[in-house]
Structure formats: C-alpha cells, structure tokens
Amino acid sequence: MAGHKVSALDIPRNAAVVVLTGAGVSAESGIATFRDSGGLWEQHRVEDVATHEGFVKNPELVWRFYSLRRKDALRVHPNPAHYAIAALEEYLADKGSFTLITQNVDGLHSRAGNKNVLEIHGSLFKTKCDNPRCPASETPFDDETTDYDALPKCEKCGGLLRPDIVWFGEQLDRVTEAKAMHAVGECEIFLTIGTSGVVWPVAGYSRLAYELGARTITANLEPPANVQNYREVYLGKAGEVVPMLLANVLND
Ligand SMILES: [Zn+2]
C-alpha cells in the first residue's frame, strides 16, 4: 500500500477532533520502546518490568527501571509532531472540540502544550498505591522522583507504591477509558499518528469512529494493522508528515 499523497488537511475551526498517538510520535524524540528490540526493553524482558507479576517478584528492579525511564523522558524534547498537535488544540479552542488520547507515557504532549490529554496507558510521572483495597490506589499523584534510597511506600496503608502505568494484562483506568470512548463517539475527524494498531482495546477506537462515519485518518511509518478502518492513509515519519498535514493549522 502506497498511502495517499501528503498535503494539508482542511480542518474546520468548529470540528470535533480526536487525535490518537502512539510510540511513533515519541520515537523521533529518542524514546525507546520494547518493540524496538524484539521483546526486550532496554535489555529487560517485558514480563519482568511491564507486568504486575514482574513487580511483585522484584519491585526494586521495576522501580530502578522506571526511574531510568523517567530520567530518559526528562532528558528529551517534544518534536515537530508534538508541537503541531498542540497547535491543533489551540486552533480548535474557540469553536471546536479537541481530545488527545495517547498511548505514550512520557509526558511529551503536555510539555508541548496540549491540555486535554487522556494518558490511556498511564504516565511515567505518576505513582499510586499497589494495594487494591487502599483508596490511594485510585488516586495517582504527580511524581518525578528518580532516586530512591528505599522502595517507596504508601502513606495511607504502608503498602508498596507502583508506577501509574497500565502494564500488560491490566485493565485500562475506567474513567479515562470512558472519556476516551465518549470523545471517539462524538468526533467528526479521527486522526491516528504513530501507532501500529495492534494494542487492544485502543486499536478498536478507529473502528468505532469509522462505523460512526467520522473522517478517519492515519499517519504512520507503515500501514497499521487496522488500516481498513482509515479513509486516508499517510505514510512517513510523524515529525515530517504531521506538520505537513496540519500546515493550515500551523500557518493560521
Ligand atoms: Zn495504600
């Protein structure tokens, strides 16, 4: 599949827009994901650092790992794709509506200026209690700590704290998911950037938008696995393609 010729999208100021982003947007800022290295993530097995079983087995390792991921994310900068998406939110602010659903946990969209961001897979910069019976397990708090003398413990119950990341095998946060589904259900334009369309349930959002008649658009290095859900397909690096697609917004 060759993809469509990249040219500026015509986006009305009063449009309801949902943007869904994935690892392809972060990659150009230098954020590695486990997919880059055949099931390993920075030399660690995904089962060891990105599942609850791995955390229970070795919480020290998991906290060391996410502390390094925090340091990595704080070292890098948003790229032109992040800034173009932030400009789109600004462009729609008066008459339209805008929701960004991101599978990325690195906080780069917020740093680029986006405000209405649903971090559907959690955030590197939030921490919560791991004890499901503790109320603090429902209320993640902001946390940029990168150096620990000891394992961080919950002030309410004394249990272990954990990164607020949706690990493999875990459910999405119910409230965040409900907000995302609502925005997808209401949108006129659904734009996916830098996601391969294989991680469920988020990969199904484009199907919902498509069936409800939205203008579904994807920009990715290669055609995503769920390419049949998109009316328009643009191939290339997010940092190059997205500013071209959003040229009218950026020149506004
Ligand atoms: Zn607790």
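Above this text you will find the structure in question.
The text that follows walks through the structure, step by step, so that each part is easy to find. The shown structure was predicted, so the numbers you read here are calculated from the model rather than taken from an experiment. (Residues numbered from 1 in each chain as written. Predicted model: local features only at pLDDT ≥ 70, side-chain atom pairs only at ≥ 80, totals over all residues. Heavy atoms only, no water.)

Counting across every chain of the model gives 4 aromatic pairs. Taking the centre distance of 5.5 Å and the plane angle of 40° together, the rings of phenylalanine 55 and tryptophan 167 count as tilted. Of this pair, phenylalanine 55 sits in helix α3 (residues 52-57) while tryptophan 167 is found in the loop between β8 (161-165) and α7 (174-186), placing the two residues 112 residues apart along the sequence. Tryptophan 167 carries the same exposure label as phenylalanine 55, and that label is buried. Members of the aromatic cluster, each reached through a chain of ring pairs, are Phe55, Phe65, Tyr66 and Trp167. Looking at arginine 69, its charged tip hangs above the ring of phenylalanine 65, at a distance of 4.6 Å from the centre. (Phe/Tyr/Trp six-rings, centres within 6.5 Å; stacked < 30°, edge-to-face > 60°. Helix = DSSP H or I, 4+ residues; strand = E, 2+ residues; numbered from the N terminus. Buried < 20%, exposed > 50% of the residue type's maximum accessible area, 1.4 Å probe, protein only. Lys NZ or Arg CZ within 6 Å of the ring centre and 35° of its normal.)

Counting through the fold element by element, leucine 250 comes out in helix α10 (residues 247-250). Judged by its relative accessible area of 38%, leucine 250 is partly exposed. Here the alpha-carbon distance between leucine 250 and lysine 156, two residues 94 residues apart in the chain, equals 47 Å.

The strands that make up a sheet pair up through hydrogen bonds in the backbone, lying either parallel or antiparallel. If you trace the 3 strands from one edge of the open sheet to the other, you get β7-β6-β8, paired in antiparallel fashion. For this open sheet the edge positions go to β7 (141-142) and β8, each flanked by a neighbour on one side alone. Of the pairings in the sheet, the one linking strand β6 (residues 122-129) to β7 comprises 2 bridges and is antiparallel in character. Looking across to β7, one finds that lysine 126 is bridged to aspartate 142. Relative to the sheet, helix α4 (residues 59-75) contacts β6 and β8, its axis offset from that of β6 by approximately 145°. (Pairing = 2+ DSSP bridges. Contact = heavy atoms within 4.5 Å. Axes fitted to C-alpha atoms, helices over the stretch in contact; angles between N-to-C directions.)

Moving on to α4. For α4, which comprises 17 residues, the first-to-last C-alpha distance of 24 Å matches the rise-based estimate of 24 Å (1.5 Å per residue) to within 8%. Those residues of α4 that fall on the buried side of the exposure criterion are Pro59, Leu61, Val62, Trp63, Phe65, Tyr66, Ser67, Arg69, Arg70 and Ala73. (Expected span 1.5 Å × (residues − 1).)

Turning to the coordination of the zinc ion, a few remarks are in order. For the zinc ion, every protein donor is listed as Cys129 (SG), Cys134 (SG), Cys154 (SG) and Cys157 (SG), and the spread of their distances is 2.3 to 2.4 Å. Between the 4 donor atoms coordinating the zinc ion, the angles at the centre fall across 99 to 115°, so the site counts as tetrahedral. Between consecutive donors of the zinc ion, the numbers of intervening residues give the motif C-x4-C-x19-C-x2-C. By relative accessible area, which is 35% here, cysteine 157 ends up partly exposed. (Donors = N, O, S within 2.8 Å, 3.2 Å for Na, K, Ca; no water. Tetrahedral: all angles 85-135°; square planar, octahedral: opposite > 155°, others 65-115°.)

What follows is about α7. With 13 residues, α7 should cover 18 Å at 1.5 Å per step; its first-to-last C-alpha distance of 18 Å lies within 8% of that length. Here α7 has its buried residues at Thr176, Ala180, Ala183 and Val184. In an axial view of α7, the angular spread of the buried residues amounts to 100°, which keeps them on one side of the axis. For α7, the exposed residues lying more than 90 degrees away from the buried face are Arg174, Val175, His182 and Glu186. Packing partners of the buried residues in α7 comprise β1 (16-21), β4 (97-102), β5 (117-119), β9 (189-193) and α8 (205-211). (Arc of directions from axis to C-beta.)

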